Amino acid sequence: MRVVLGVTGCIGAYKAALILRLLQKEGFEIVPVMTSAARRFIGPLTLEKLSGNPVISDLFSDRKASIAHIEVARNSDLLLVAPATANILAKFAGGIADDFLSTLYLSTATPVAVAPAMNVEMWRHPAVQGNLQILRRRGVHVIEPGSGYQACGEFGEGRLAEPEKIREAVLRLLSASRSLSGLQVLVTAGPTVEDLDPVRFISNRSTGKMGYALAGEAALRGAGVVLVSGPTSLDPPAGVERIGVRSASEMREAVLERFESVDVVVKVAAVADFTPEAPAPQKIKKNRSKLDLRLTRTPDILAELGRRKTRQFLVGFAAESENFQENARKKLLDKNLDMVVANDVSGTETGFASDSNQVWILDREGGAESFPVLEKAAVARIVWDRIERARAVMPALKVAE
């Protein structure tokens, strides 16, 4: 397989040689493309000798009958830009094509991955974050930068991801199976918001990160994915249809409307258990010493799906702080689930708002697996692996019965 390695101008450009070597060891042919600024940080001869291919930089240097950027785009399996400066991200997002790399991007129909690298303040700037949102919506895979000391002497986000992490991301993109191709998947994510009045509401600490990771992984495996999401600040993963909801009742309506047409449901959303019995039509004034709230139970969406399911494979999440397996097993049986994932929300490094999670996966046959603390993307891969394995034996179980 052939990877086009785009290198742009920042101090992290020297790591391009390490990235190139790591990808070569995985059996990839590397075609290096450098911007004029990148050539100021690392000599093109280095990448040329390491890759065995000439470095392409000049949009107008080609004298062959074929058009170089079209030919390179059509004969590659992935465009990887590492490091990707704020400038190239802006060009990609805005459709500007004024050099070989930006023109190549517009000509590329294969997957595209970018590994941003820049100063912490540049990384945090709304313009950069806005450009990243645009690229994510278009399906560009963003390899998140690391955090640490930078060449400018500051500390924070923006460091180019480590070469090993970039290699892993490339392997993931190019080896992703289409094992869920043809299946329709519904994932719920995020919190629900239950209004007290036009200003205040009851909610919870869910950010949606786990649900979004699961939706993105399903799409990567070829499924048609609908993501029913409560309010979050996250962008939907590439290839995922996002349905935005606010309250538990809205989430129930959106889920039930689509339930009959899907094959797998993964309920990750932290749905409120209670909602105000009578939300105030106007803002509640604070001219009182105390406020008594009457709350009523919200519908149990997961239990309702368990009663209604016919062919659907139903997975629930159980946010627990103690007795993980015992509580999760009870939820699996009480709500007629096919699988339950219990996640530890008691620590500061896992659970809500964290990039990591620690889970236990339990199934109807009595199986239980525990896993160490992992990034939520890794947890998503494990969960889908277990769902695929469980679904594969379901027909055999039915015949045996």
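As the structure is a prediction and not an experimental result, all values here were calculated from the model.

Right, let's talk about the overall build of the chain for a bit. Each helix and strand counted, the chain has 13 helices and 21 strands in total. Overall size of the chain, expressed as C-alpha extent along the three principal axes, is 75 × 65 × 35 Å. The proportion of buried residues among the 401 residues of the chain is 49%. Within the chain, contacts between residues at least 6 apart in sequence are counted, and of these 66% link residues at least 24 apart. Carbon and sulfur atoms make up 50% of the accessible area of the chain, which totals about 19,500 Å².

With that out of the way, let us pick up the sheet that holds strand 4 (residues 112-116). Pairing in this open sheet of 5 strands is parallel, and the strands run 2-1-3-4-5 from one edge to the other. One side of each edge strand has no neighbouring strand; the edge strands of this open sheet are strand 2 (29-34) and strand 5 (141-142). Bridge analysis of strand 3 (residues 78-84) against strand 4 gives 4 bridges, and the strand direction is parallel. In the strand pairing of strand 4, Ala-84 is matched with Pro-116. Against the sheet, helix 2 (residues 44-51) touches strand 1 (2-7) and strand 2, its axis set at about 165° to strand 2.

Strand order in this open sheet of 8 strands is 12-11-8-13-16-17-19-20, and the pairing throughout is mixed. At either end of the open sheet lies a strand with only one pairing partner, and these are strand 12 (240-244) and strand 20 (368-370). Each strand of the sheet is rotated relative to its neighbour by a mean of 15°, with strand direction disregarded. Bridge analysis of strand 11 (residues 224-229) against strand 12 gives 5 bridges, and the strand direction is parallel. Among the inter-strand pairings, Ser-229 is bridged to a residue of strand 12, identified as Gly-244.

Moving on to unusual backbone geometry. In this model, Ala-82 is joined to Pro-83 through a cis peptide bond whose omega is 0°. Positionally, Pro-83 belongs in strand 3. Of note, the phi angle at Asn-336 is positive, near 60°, even though the residue is not glycine. Looking at where Asn-336 falls in the secondary structure, it is placed in the loop between helix 12 (324-334) and strand 17 (339-344).

With that settled, consider helix 9 (residues 209-220). Helical periodicity: at 3.6 residues per turn, an α-helix aligns residues three or four positions apart in one direction. The end-to-end C-alpha distance of helix 9 is 16 Å, a good match for the 16 Å that 12 residues give at a rise of 1.5 Å each. Burial of helix 9 is extensive: 9 of the 12 residues sit out of reach of the surface. Buried within helix 9 we find Met-210, Gly-211, Tyr-212, Leu-214, Ala-215, Glu-217, Ala-218, Ala-219 and Leu-220. Backbone geometry just after helix 9 places Gly-222 at a positive phi near 100°.

Turning our attention to the packing of aromatic side chains. The final tally for this structure, using the stated rule, is 1 aromatic pair. Taking 4.1 Å as the distance between ring centres and 15° as the angle between the ring planes, the aromatic pair formed by Phe-92 and Tyr-105 counts as stacked. Highlighted residues: Phe-92 in helix 4 (residues 86-94) and Tyr-105 in helix 5 (residues 100-107), separated in sequence by 13 residues. There is no split in this pair, since Phe-92 and Tyr-105 are both buried.

About the criteria used
Residues numbered from 1 in each chain as written. Predicted model: local features only at pLDDT ≥ 70, side-chain atom pairs only at ≥ 80, totals over all residues. Heavy atoms only, no water. Helix = DSSP H or I, 4+ residues; strand = E, 2+ residues; numbered from the N terminus. Buried < 20%, exposed > 50% of the residue type's maximum accessible area, 1.4 Å probe, protein only. Contact = heavy atoms within 4.5 Å. Areas by Shrake-Rupley, 256 points an atom, 1.4 Å probe, with all protein chains shown as cover. Pairing = 2+ DSSP bridges. Axes fitted to C-alpha atoms, helices over the stretch in contact; angles between N-to-C directions. Expected span 1.5 Å × (residues − 1). Phe/Tyr/Trp six-rings, centres within 6.5 Å; stacked < 30°, edge-to-face > 60°.

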